[in-house]
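Below are the chains, spelled out letter by letter.
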Amino acid sequence: MTAEAPRPAVERIRKRADFLAARAGRRLNGPFFFVETRDRADGAPPRVGFTVTKKVGNAVERNRIRRRLREAIRLGCRADMLCGFDYVIVARRDLLHLPFATLTSELSRRFGRMSGAAQPRPKREAPGEPSPGTT
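Each chain has its residues counted from 1, running along the sequence as written. Owing to the predicted nature of the model, reporting of local features is limited to residues with pLDDT of at least 70; listing and counting of side-chain atom pairs is limited to 80 or more, with chain, interface and lining totals taken over all residues. To get the side-chain values, take all heavy atoms of the structure and skip hydrogens and water.

1. Thoughts on the overall build of the chain
Strands are runs of DSSP state E lasting at least two residues, helices are runs of H or I lasting at least four, and both sets are numbered from the N terminus onward. In terms of regular secondary structure, the chain is built from three helices and five strands. Tracing the chain from N to C terminus, the helices and strands come up as β-α-β-β-β-α-β-α. A 1.4 Å probe rolled over the protein chains alone gives each residue an accessible area, and that area as a share of the maximum for its type sets the label: buried under 20%, exposed over 50%, partly exposed in between. Put simply, the chain has 135 residues, and 36% of those count as buried. Only heavy atoms enter the contact rule, under which two residues are in contact if any of them lie within 4.5 Å. A separation threshold of at least 6 residues defines the contact pool for the chain, and within that pool the share at least 24 residues apart is 81%. Here the Shrake-Rupley method, with its probe set to 1.4 Å, supplies the accessible areas, and only the displayed protein chains count as covering residues. Of the roughly 8,600 Å² that the chain leaves accessible, carbon and sulfur atoms contribute 52%.

Shown next, in the form of C-alpha cells:
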C-alpha cells in the first residue's frame, strides 16, 4: 500500500459576497459548466461554491447536480485545486446525465487550466528582435 500525497481540505463558499467576488476573477467556459475563480492570495485551503439556477430544472434535479459536483471534487479533483483560490462552478442542464468519469475529467481539466494560468509565463520575444545572447 503506497502513501498518497495529502490533499488540501476544500471549504465551501456560503456568502453571497464571496460568490460575487469570484465573478470578477477568471472564467473558463465549457459545455457542461463554467468555472469562475478568484485568487485570494492568502494561502488558505481552496474554497468551492456551486450555482445551479432554476433554469436547469426543478429542486430535485438541481440538488442531484450539486451532489454530483461535490462528490466529483471529493473523489478526484481536490488535488488539482490551488490553495488560496475560490472556485465557483456554474452548472448547466447537460451535467445531470453526464457520465461521472467524464464529469471528473472535465473538472480536473478546468482546474488544471486554472493552475497553469496561475504560474508566471515566460516572456516572449517580439518577432525580428534578436535574443540577448545572440549577435
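2. Side note on unusual backbone geometry
A positive phi is found at A41, a non-glycine position, where the angle reads about 55 degrees. Within the secondary structure layout, A41 lies in the loop between β3 (33-39) and β4 (47-51).

3. Thoughts on helix α2 (residues 59-77)
Under the 1.5 Å per step criterion, the end-to-end length of α2 is 25 Å for 19 residues, consistent within 8% with the ideal 27 Å. The set of residues buried in α2 consists of R62, I65, R66, R68, L69, A72, I73 and C77. Within α2, the buried residues cover an arc of 160 degrees as seen down the axis, which keeps them to one side. Contacts described as polar in this section are N or O atom pairs within 3.5 Å, which, within protein, must combine one atom able to donate a hydrogen with one able to accept it, while residues neighboring in sequence count only if both atoms come from side chains. Backbone nitrogen of V60 and a side-chain oxygen of the N-cap are separated by 3.2 Å at the start of α2; the cap is N58. Take the number of residues in a helix, subtract one, and multiply by 1.5 Å to get its expected span. The directions considered for the arc are those from the helix axis to the C-beta atoms.

4. A few points about the confidence of the model for the chain
In predicted models, pLDDT denotes the confidence assigned by the predictor to each residue on a 0 to 100 scale. Averaged over every residue, the pLDDT of the chain is 82; the share at 70 or more is 79%. For the stretch residues 119-124, pLDDT sits under 50, and the model shows zero contacts to residues farther than four places along the chain or on other chains.

5. Brief notes about helix α1 (residues 16-23)
Those residues of α1 lying buried are D18, F19 and A22. The buried residues of α1 occupy one face: seen down the axis, they fall within an arc of 100 degrees. Exposed and facing more than 90 degrees away from the buried side of α1 are R16, A17 and R23. If you follow the buried residues of α1, they end up packed against β3, β4 and β5 (85-91).

6. Describing the nonpolar core
Judged by nonpolar contacts, the single largest core of 25 residues is most densely connected at L69, I73, I89, L95, L107 and F111. Beyond its immediate stretch of four places on either side in the chain, I73 contacts V10, V48, F50, R78, M81, I89, L107 and F111. Residue types Ala, Val, Leu, Ile, Met, Phe, Trp, Tyr and Cys, when buried and joined through side-chain atoms within 4.5 Å, form a set referred to as a nonpolar core. Within the second largest apolar cluster, six residues are counted, among which are I13, A22, V88 and V90.

7. Quick notes on the packing of aromatic side chains
To describe a pair of aromatic rings, one takes the distance between the centres and the angle between the planes. Aromatic rings from Phe, Tyr and Trp, with only the six-membered ring used for Trp, were paired whenever their centres fell within 6.5 Å, and each pair was classed as stacked if the ring planes differed by under 30 degrees, edge-to-face if by over 60, and tilted otherwise. In the structure shown here, the tally under the stated rule is two aromatic pairs. In this structure an aromatic cluster arises from ring pairing among F85, Y87 and F111. Whether a charge sits over a ring comes down to the Lys NZ or Arg CZ being within 6 Å of the ring centre and within 35 degrees of the ring normal. A cation sits over an aromatic face here: R27 above F34, 3.7 Å from the ring centre. Over the aromatic face of F33 sits the side chain of R110, whose NZ or CZ is 5.6 Å from the ring centroid.

8. A closer look at the pairing of β3
For β3, the buried fraction is high: five of the seven residues fall into the buried class. Strands qualify as paired when DSSP identifies two bridges or more between them. Where strand β2 (residues 26-28) and β3 come together, three bridges link them in antiparallel fashion. Looking at β3, one finds that R27 is bridged to E36. The antiparallel hairpin formed by β2 and β3 contains four residues in its connecting segment. Relative to β5, β3 is paired through seven bridges, and the arrangement is antiparallel.

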